Amino acid sequence: MNIDKLLIRIAGSFVLVSVLLAHFHSAYWLWFTGFVGANLVQASFTGFCPMVKILKAFGVKPGKAFE
């Protein structure tokens, strides 16, 4: 699995988990959902994503989007 696919999977999981936590625990978890969404938008403009740096450090092979 490359970074591109793993990044989408991680971001989607963060959004789903934070929405569930907001529903069952506290609405403040929606701030995390907003943070993930804002980070995805800025990554689409700048090409920089902190999670990509983390995944590269763990040795995940790069894809085409974040070369």
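These figures come from a predicted structure and were not determined experimentally.

The next thing to look at is the overall build of the chain. When helices and strands are tallied, the chain shows three helices and zero strands. In the chain, the succession of α and β elements from N to C terminus is α-α-α. With the principal axes as the frame, the chain shows a C-alpha extent of 35 × 25 × 15 Å. Counting contacts in the chain only where the partners sit at least 6 residues apart, residues at least 24 apart contribute 58% of the total.

Right, let's talk about helix α2 (residues 30-46) for a bit. In this model, α2 (17 residues) spans 24 Å end to end at C-alpha, consistent with the 24 Å of a helix rising 1.5 Å per residue. Positive phi shows up at glycine 47, right after α2, with a value of about 80 degrees.

On to the side chain of asparagine 39. As for its placement among the helices and strands, asparagine 39 is situated in helix α2. A relative accessible area of 19% places asparagine 39 in the buried class. Among residues more than four places away in sequence, those in contact with asparagine 39 are Cys49 and Pro50.

Inspection of the secondary structure puts serine 18 in helix α1 (residues 3-24). Look past the residues within four positions of serine 18 in its chain and what remains in contact with it is Trp29, Phe32 and Thr33.

Now for the packing of α1 against α2. Packing of α1 against α2 brings their axes to within 8 Å, and their N-to-C directions diverge by 160 degrees. Compared by their axis directions, α1 and α2 come out roughly antiparallel. Of the two elements, α1 crosses α2, and the hand of that crossing is left-handed. Here α1 contributes Ala11, Phe14, Val15, Ser18, Val19 and Ala22 to the contact with α2, which in turn contributes Leu30, Phe32, Thr33, Val36 and Leu40. The residue inventory of the contact of α1 with α2, partitioned by class, reads nine nonpolar, two polar and no charged.

About the cut-offs
Residues numbered from 1 in each chain as written. Predicted model: local features only at pLDDT ≥ 70, side-chain atom pairs only at ≥ 80, totals over all residues. Heavy atoms only, no water. Helix = DSSP H or I, 4+ residues; strand = E, 2+ residues; numbered from the N terminus. Contact = heavy atoms within 4.5 Å. Expected span 1.5 Å × (residues − 1). Buried < 20%, exposed > 50% of the residue type's maximum accessible area, 1.4 Å probe, protein only. Axes fitted to C-alpha atoms, helices over the stretch in contact; angles between N-to-C directions. Parallel < 35°, antiparallel > 145°, perpendicular 65-115°, else oblique. Left-handed = near helix turned anticlockwise from the far one by under 90°. Nonpolar A, V, L, I, M, F, W, Y, C, P; charged D, E, K, R; others polar.

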